[in-house]
Amino acid sequence: MIRRKGVSDISKESRVDPRVTRTRELLVDAVIHLLQNTGTDSRTLSISEITAAARLSRPTFYQHYSGPEELIAEAVQRRLQMRVEQGMTEESPGEDVPSTLLDLLRELNRHRWMYGRIIRGDGQFGQGRQAVVDHTAAYFSQLSHEPETRLFLAGGLLAVLTPWMQSREQAPETEVVAVADRLWTLIRRTTATPEQ
């Protein structure tokens with residue numbers, strides 16, 4: 001007799017297994033640790049290094065990711081999505097630097113070695129760079145409803161930040177605020193309409 005799936009069976013399948021979530025978190029944490037704290041070069045980052053840092057096996061890695069680049073992209077997406085969700089407010093863009101922009105720069109500064117390499121597109125960071133662009137564009141949703149404008153602003157912001165992100169050392173808060181102020185001035189000029 002063939003048993004058909006009932007509603008309870010389908011709802012069980014749609015739930016994420018906490019073991020899967022935990023394994024993915026271990027792998028994300030491991031890759032961030034390797035890139036940020038040990039100075040591991042992304043071009044030589046191996047699955048063996050990642051699995052050793054996460055204390056998981058290679059087959060377990062391949063159950064979740066196809067390679068290091070996919071894992072790096074997910075790590076970046078998770079960190080930035082968390083910042084977007086925490087930082088999104090209903091503030092209106094005025095003369096003062098929006099807290100969302102300042103929060104984004106603080107996040108980039110806090111993990112600048114990793115983000116700097118991603119922004120430059122070093123090694124295996126192709127997917128990760130696109131994640132930074134996409135999530136940075138989300139910060140500009142209050143300035144423009146046009147996706148192209150948001151992507152333009154995100155790309156410009158990252159181009160300006162690339163030289164600033166060259167250093168591995170975190171910048172002091174005063175420098176982060178000064179960079180945010182300069183960027184906000186550029187963004188306002190770019191988005192200003194003739195009557196403004």
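Predicted, not measured: the structure shown is a model, and the values here were computed from it. (Residues numbered from 1 in each chain as written. Predicted model: local features only at pLDDT ≥ 70, side-chain atom pairs only at ≥ 80, totals over all residues. Heavy atoms only, no water.)

1. A word on the nonpolar core
Within the largest apolar cluster, 47 residues are counted, with the highest numbers of intra-cluster contacts made by V31, L105, Y115, L157 and L161. Residue assignment for this core shows that the elements contributing at least two residues are α2 (18–36), α3 (47–54), α5 (68–87), α6 (99–110), α7 (112–120), α8 (126–138), α9 (147–164) and α10 (173–191). By residue number, the principal contributor to this core is α2, which donates seven residues. In contact with Y115, other than residues within four places in its own chain, are V76, R79, L80, E107, L108, V132 and M165. (Core = buried A, V, L, I, M, F, W, Y, C linked by side-chain atoms within 4.5 Å. Buried < 20%, exposed > 50% of the residue type's maximum accessible area, 1.4 Å probe, protein only. Helix = DSSP H or I, 4+ residues; strand = E, 2+ residues; numbered from the N terminus. Contact = heavy atoms within 4.5 Å.)

2. So, the packing of α6 against α10
Two elements in contact, α6 and α10, have axes whose closest approach is 10 Å; the angle formed by their N-to-C orientations is 130 degrees. As the angle between them shows, α6 and α10 are arranged oblique. Like other packed secondary-structure pairs, α6 and α10 cross with a definite hand, here right-handed. Where α6 abuts α10, its residues L101, L102, L105, R106 and N109 lie against E173, V176, V177, V179, A180, L183, W184 and I187. Of the residues assigned to the contact of α6 with α10, the class counts are 10 nonpolar, one polar and two charged. (Axes fitted to C-alpha atoms, helices over the stretch in contact; angles between N-to-C directions. Parallel < 35°, antiparallel > 145°, perpendicular 65-115°, else oblique. Left-handed = near helix turned anticlockwise from the far one by under 90°. Nonpolar A, V, L, I, M, F, W, Y, C, P; charged D, E, K, R; others polar.)

3. Some remarks on the pattern of salt bridges
Any two side chains of opposite charge can pair, so long as their charged atoms come close to each other. Using the criterion set out here, one finds six salt bridges in the structure. Residue D17 is joined to R19 by a salt bridge in which the shortest nitrogen-to-oxygen separation is 2.6 Å. Judged by its relative accessible area of 28%, D17 is partly exposed. Among the residues examined, R19 registers a relative accessible area of 62% and is labelled exposed. Put simply, R24 and E74 hold a salt bridge, and the shortest N to O gap is 2.5 Å. On the criterion of sequence distance, the pair formed by R24 in helix α2 and E74 in helix α5 is long-range, its members being 50 residues apart. Through salt bridges that share partners, D103, R106 and E173 make up one connected network. (Salt bridge = Lys/Arg side-chain N within 4 Å of Asp/Glu carboxyl O.)

4. Details of the packing of aromatic side chains
One pass over the structure, following the stated rule, counts two aromatic pairs. Ring centres 5.5 Å apart and planes at 90 degrees place the aromatic pair F61 and Y62 in the edge-to-face group. Given a relative accessible area of 43%, Y62 falls into the partly exposed group. Ring geometry for F61 and Y65: centres 5.8 Å apart, planes at 45 degrees, overall tilted. Each member of the pair, F61 as well as Y65, carries the same accessibility label: buried. Taken together, the ring pairs in this structure connect F61, Y62 and Y65 into an aromatic cluster. (Phe/Tyr/Trp six-rings, centres within 6.5 Å; stacked < 30°, edge-to-face > 60°.)

5. Thoughts on the confidence of the model for the chain
Averaged over the chain, the pLDDT score is 76; the fraction of residues at 70 or greater is 76%. Across residues 1–14, where pLDDT falls below 50, the model places four contacts with residues more than four positions away in sequence or in other chains. Counting contacts from residues 88–94, a segment whose pLDDT is below 50, to residues more than four positions away or on other chains yields 16 contacts. (pLDDT = per-residue confidence, 0-100.)

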